[in-house]
Amino acid sequence: IYTAPDHLPEFPGGEAELQKFIRRNLRWPEDLSEICLQGRVQVKFYVDTLGKIHEPQIVKTLYPSCDEEALRIASLLPHFIPAEHQGKKVKAWYIVKVTFRIEGIWPSNTDSISKSVSLTPRLQDDTIYFPCKENKLYIYGNQTFTMQIH
């Protein structure tokens, strides 16, 4: 399985269409009603010579239910245009980024945040979680906080 073929596998219509497909099919995990977050899950799989996806796996985790949702999205993907190397169709690895985001809500000041306990060791340093409303869970990096809004 190639990691750097001459031409990578391609979603029909290109990257923009892939992102539209993900946005149309993404379901916000139900267990996140008290935790608002922003971040990405990266799913790696290989595309065979017919364009079919095989062996999807998480290579960058966000939160368990987000990881599950990203794998579900990967299972829905239609056939890709296969990779090519030296003029022949080949199997090749591909990574899809599934973004979880709530528009319009961003942490602006972390000075008044009080530290609490860690939620899970699976959180990545570049994961950003933030409160939807007052006194909800706030996670920045791999630290967990509760936000006191004055």
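Up top is the structure.
Owing to the predicted nature of the structure, the values given are computational and were not obtained by experimental measurement.

Bringing the environment of Y46 into the picture now. Locating Y46 in the fold gives a position in strand β1 (residues 36–47). When the C-alpha positions of Y46 and P9 are compared, they lie 8.8 Å apart, and in sequence the two are 37 residues distant. Setting aside residues no more than four positions away along its own chain, Y46 makes contact with I1, K52, I53, H54, E55, K91, A92 and W93.

We now examine the pattern of salt bridges. Summed over the entire model, instances satisfying the criterion amount to two salt bridges. For E17, the salt bridge identified is with K20, shortest N-O distance 3.2 Å. Here the residue E17 and the residue K20 both occupy positions in helix α1 (residues 15–25), the gap between them amounting to three residues, near one helical turn. Looking at E17, the relative accessible area reads 29%, which means it is partly exposed. Residue K20 is classed as partly exposed on the basis of its relative accessible area of 38%. One salt bridge in this structure joins R72 and E69, with 2.7 Å as the shortest N-O distance. Linking R72 with E69, this pair stays in helix α2 (residues 64–76), spanning three residues, or about one helical turn. In this structure E69 comes out as buried when scored by relative accessible area, which is 8%.

About the criteria used
Residues numbered from 1 in each chain as written. Predicted model: local features only at pLDDT ≥ 70, side-chain atom pairs only at ≥ 80, totals over all residues. Heavy atoms only, no water. Helix = DSSP H or I, 4+ residues; strand = E, 2+ residues; numbered from the N terminus. Contact = heavy atoms within 4.5 Å. Salt bridge = Lys/Arg side-chain N within 4 Å of Asp/Glu carboxyl O. Buried < 20%, exposed > 50% of the residue type's maximum accessible area, 1.4 Å probe, protein only.

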